[in-house]
Amino acid sequence: MAGVRPGKPLIPELDFGSQPYGDLSKCFDTDVAEARRIIIEKLPVFSQLNALLSIAFGKNPPFFIDARAPNPPAKLLDSLPDDGPEPDGQLTIRPETIVQICQGHLEPRYGLFKDAFLHDTAMRKDTILIATKFADLLSPQGPPALPKMACTDAFKRLPIPTEDIAQVKQDIREFGYGFVKNALTPTQVALVKKAVQEQAAGERKAGVARMDGGADATNGPNQRLWALCNKGDEFLDLLNHPLIDEIVPWIIGDHALLHSYIANIARPGNVPMQMHTDQVAIQPSIRDIAFGVNIMFYLTDLHASNGATRVIPGSHIGHVAPADVFSTDGTIAAEAPAGTALVFESRLWHATGANTLSPGSPNSERPAVLMFFMRSYIRSQENYSLSLRPNVASKLSKRHRKFLGFCATGAVGGQDGDIREGTYFDRKEDCVGTVRALHEPDMPIRTNGI
């Protein structure tokens, strides 16, 4: 599936290599032909590009969409126009991505930039807007509306930290996010912050740190601590916070799973994260329902200069998206003091901001803990059945186990065929395996096990 070739069969008679329904080696050529057909079909709408765009499928020679004249249909050219201008943008893309965007199976921004979430994009800056518009025009929905930007005074008010949970919920409905004031006490902030900072230092010293926020995926000043369940009792206890019970079921129901549980440390000199929503991996894109909710605990005062999360208020409603996901212009910094919890639902456009402070200056390091819950039928970002350490699994409470998916809900998440609602499971090494007996065609009625 998806281009993954079958492995060597374990039983020679079940080798299906001589029974293919298609030739995987020809898939690329088939996709190229279909992508070109789609582009030709879309030429009338590509006149809206008002640009000369170079497109290459992998290492194939580029071709060109000439849409410089706004009125006539755009032209598809196999070489540069005779007047010899340089292309306004150069896009290298998989042909199947064009097909999937056109079919509505892939959200355009995700299709273009899904490999550049935690670091800068390799795409030329002058190509981003043109490439995004090209992909939007491919989509059956067409270009999205641009969200209201806070810099335009489009909002009479914006969320502020409050202990009034009813107001927080109203803010989430209206803006997609809200602030819970004093979610952690100063003592709790200090304890969790110490755990985050020491774990981060330990991972760097051990050579296992996950760094991002740089020019590419191999470097950057930011650091993320993944799978916090494994990294200290402080983080297990934080999952007992009553805010989870107050907010998560209200947005996504009773059986939510812990999609990811991380600490994010933004440091000076980072590259702002790509603007994104937290349900971007749900493809085709579905914008009329929230699939998840994030609770972000501030372990220091967060402000624009130390990389506070950038948000676009109200961008959780409707078919909206920013024109340039690598720009934070027009967004606002979700500023609040230490101990605040920023709660935002999964359709909100947001990103880690730029930390512009000098290294070593007060509050120059911006640590925060994020627990992200998703509806129970969505595959978790963290595969806890693979990553949970045995010594941690042995001390999990029922609450923890349910959050991590070790409890059957809604006929999913079972073990060895047992899908009874509310049944808890632990990892078994003795699930029923190969047990063979002679087949009896006229088997009499008999009790299991006889």
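Preceding this paragraph is the structure being described.
Small disclaimer: the values here were computed from a predicted structure and weren't measured. (Residues numbered from 1 in each chain as written. Predicted model: local features only at pLDDT ≥ 70, side-chain atom pairs only at ≥ 80, totals over all residues. Heavy atoms only, no water.)

Student: Is there a simple way to explain the sheet that holds strand 8 (residues 257-266) in this structure?
Tutor: Each strand in a sheet pairs with another by means of backbone hydrogen bonds, the pair being arranged parallel or else antiparallel. Reading across from one edge, 5-12-9-14-8-7-6 is the order of the seven strands in this open sheet, with antiparallel pairing throughout. Of all the strands in the sheet, the pair left with one neighbour each is strand 5 (177-180) and strand 6 (210-212). Strand-to-strand, the axes of this sheet are offset by a mean angle of 25 degrees, without reference to chain direction. Sheet topology places strand 7 (residues 222-225) next to strand 8; three bridges connect them, and they run antiparallel. Residue pairing for strand 8: Arg-224 is matched across the bridge by Asn-264. Strand contacts of helix 6 (residues 165-175): strand 5 and strand 12 (341-345), with the helix running at about 160 degrees to strand 5, the strand carrying the most contacts. (Pairing = 2+ DSSP bridges. Helix = DSSP H or I, 4+ residues; strand = E, 2+ residues; numbered from the N terminus. Axes fitted to C-alpha atoms, helices over the stretch in contact; angles between N-to-C directions. Contact = heavy atoms within 4.5 Å.)

Student: Is there a simple way to explain a nonpolar patch on the surface in this structure?
Tutor: Together, Leu-10, Ile-11, Leu-14 and Phe-16 make up an exposed nonpolar region whose accessible area comes to about 480 Å². When you line up the elements, Leu-14 lands in the segment before helix 1 (27-41). (Patch = residues over 30% accessible without salt bridge, like charges linked within 9 Å, V, L, I, M, F, W, Y side chains within 5 Å. Areas by Shrake-Rupley, 256 points an atom, 1.4 Å probe, with all protein chains shown as cover. Salt bridge = Lys/Arg side-chain N within 4 Å of Asp/Glu carboxyl O.)

Student: How should the nonpolar core be read in this particular structure?
Tutor: Generally speaking, soluble globular proteins have nonpolar side chains that are buried together. Leu-258, Tyr-261, Val-369, Met-371 and Phe-373 are the most contacted members of the largest nonpolar core, which totals 45 residues. Secondary structure elements with two or more residues in this core: helix 6, helix 7 (186-206), helix 8 (233-238), helix 9 (242-252), strand 8, strand 9 (292-298), strand 12 and strand 14 (366-374). Among the elements that line this core, the one with the most residues is helix 9, at six residues. Contacts of Met-371, omitting those with residues within four sequence positions, involve Leu-238, Leu-239, Ile-244, Leu-258, Ser-260, Tyr-261, Val-293, Asn-294, Ile-295 and Phe-297. (Core = buried A, V, L, I, M, F, W, Y, C linked by side-chain atoms within 4.5 Å. Buried < 20%, exposed > 50% of the residue type's maximum accessible area, 1.4 Å probe, protein only.)

Student: Any chance you could explain helix 9 here in plain terms?
Tutor: Helical geometry note: an α-helix holds 3.6 residues per turn, so side chains three or four residues apart project in the same direction. Listing the buried residues of helix 9 in full gives Leu-243, Ile-244, Ile-247, Val-248, Ile-251 and Ile-252. Buried residues along helix 9 cover an arc of 100 degrees about the axis, so they all sit on one side. Just past helix 9, the residue Gly-253 takes up positive phi, approximately 95 degrees. (Arc of directions from axis to C-beta.)

Student: For this particular structure, what's the right way to read the pairing of strand 4 (residues 89-92)?
Tutor: Successive side chains on a regular strand alternate, one facing one side of the sheet and the next facing the other. Of the two faces of strand 4, only one is covered, namely that formed by Gly-89 and Leu-91; the face formed by Gln-90 and Thr-92 stays uncovered. Sheet topology note: the strand 1 (residues 52-56)/strand 4 ladder contains four bridges and is parallel. Bridging from a neighbouring strand, Ile-55 pairs with Leu-91 of strand 4.

Student: Got a minute to help me understand the packing of helix 1 against helix 3 (residues 95-103) in this structure?
Tutor: What describes two packed helices is the angle between their axes and the distance between those same axes. Put simply, helix 1 and helix 3 touch, their axes get as near as 8 Å, and they point 50 degrees apart. Accordingly, the angle class assigned to the pair helix 1 and helix 3 is oblique. For helix 1 against helix 3, the interelement crossing comes out left-handed. Every residue of helix 3 that contacts helix 1 at Phe-28, Asp-31, Val-32, Glu-34, Ala-35, Ile-38 and Ile-39 is listed here: Pro-95, Glu-96, Ile-98, Val-99 and Cys-102. Of the residues contributing to the contact of helix 1 with helix 3, the split by class is nine nonpolar, no polar and three charged. (Parallel < 35°, antiparallel > 145°, perpendicular 65-115°, else oblique. Left-handed = near helix turned anticlockwise from the far one by under 90°. Nonpolar A, V, L, I, M, F, W, Y, C, P; charged D, E, K, R; others polar.)

Student: Got a minute to help me understand the environment of Tyr-424 in this structure?
Tutor: By secondary structure assignment, the location of Tyr-424 is in the segment after helix 12 (398-403). Taking the relative accessible area as the measure of exposure, Tyr-424 reaches 27% and is therefore partly exposed. Through-space distance from the C-alpha of Tyr-424 to that of Ala-408 is 6.6 Å; in sequence the pair is 16 residues apart. Other than its neighbours up to four places away in sequence, Tyr-424 contacts Lys-398, Arg-401, Lys-402, Phe-406 and Cys-407.

Student: Explain the packing of aromatic side chains to me, please; I cannot follow it from the model alone.
Tutor: Aromatic rings considered in pairs are described by the distance between their centres and by the relative angle of their planes. According to the stated counting rule, one finds seven aromatic pairs in the structure shown. When the ring centre of Phe-63 is taken as origin, the NZ or CZ atom of Arg-36, which lies over that ring, is 5.0 Å away. The ring centre of Phe-326 lies 5.8 Å from the NZ or CZ of Lys-125, which sits over that ring. (Phe/Tyr/Trp six-rings, centres within 6.5 Å; stacked < 30°, edge-to-face > 60°. Lys NZ or Arg CZ within 6 Å of the ring centre and 35° of its normal.)

Student: Explain the sheet that holds strand 10 (residues 310-311) here, please?
Tutor: The strand order across the open sheet built from three strands is 11-10-13, with neighbouring strands paired in antiparallel fashion. Looking at strand neighbours, the two that pair on one side only are strand 11 (332-333) and strand 13 (350-351), the edges of this open sheet. Sheet analysis places strand 10 next to strand 11, joined by two bridges and oriented antiparallel. Bridging from a neighbouring strand, Arg-310 pairs with Ala-333 of strand 11.

Student: I'm lost on the pairing of strand 5 in this one. Help?
Tutor: Residues Tyr-177 and Phe-179 line one face of strand 5 and the alternating positions Gly-178 and Val-180 line the opposite face, and both faces are buried. Sheet analysis places strand 5 next to strand 12, joined by four bridges and oriented antiparallel. Its bridge partner being in strand 12, Gly-178 is matched across the sheet by Val-343.

Student: Quick question: what am I supposed to make of the pattern of salt bridges here?
Tutor: Once their charged atoms are close, side chains differing in charge can pair, the charge on each being opposite to the other. This structure, assessed with the given rule, holds 20 salt bridges. Linking Arg-37 and Glu-34 is a salt bridge whose minimum nitrogen-to-oxygen distance equals 2.8 Å. Of this pair, Arg-37 and Glu-34 are both found in helix 1, three residues apart, which corresponds to roughly one turn of the helix. Among the residues examined, Glu-34 registers a relative accessible area of 28% and is labelled partly exposed. Lys-169 is the salt-bridge partner of Glu-246, the closest N and O atoms lying 3.1 Å from each other. Of this pair, Glu-246 sits in helix 9 while Lys-169 sits in helix 6; the two residues are 77 residues apart in sequence, bridging distant segments of the chain. The partly exposed category is assigned to Glu-246, whose relative accessible area is 37%. Residue Lys-169 is classed as buried on the basis of its relative accessible area of 15%. In this structure, a network of salt bridges that share partners links the residues Glu-34, Arg-37 and Glu-41.

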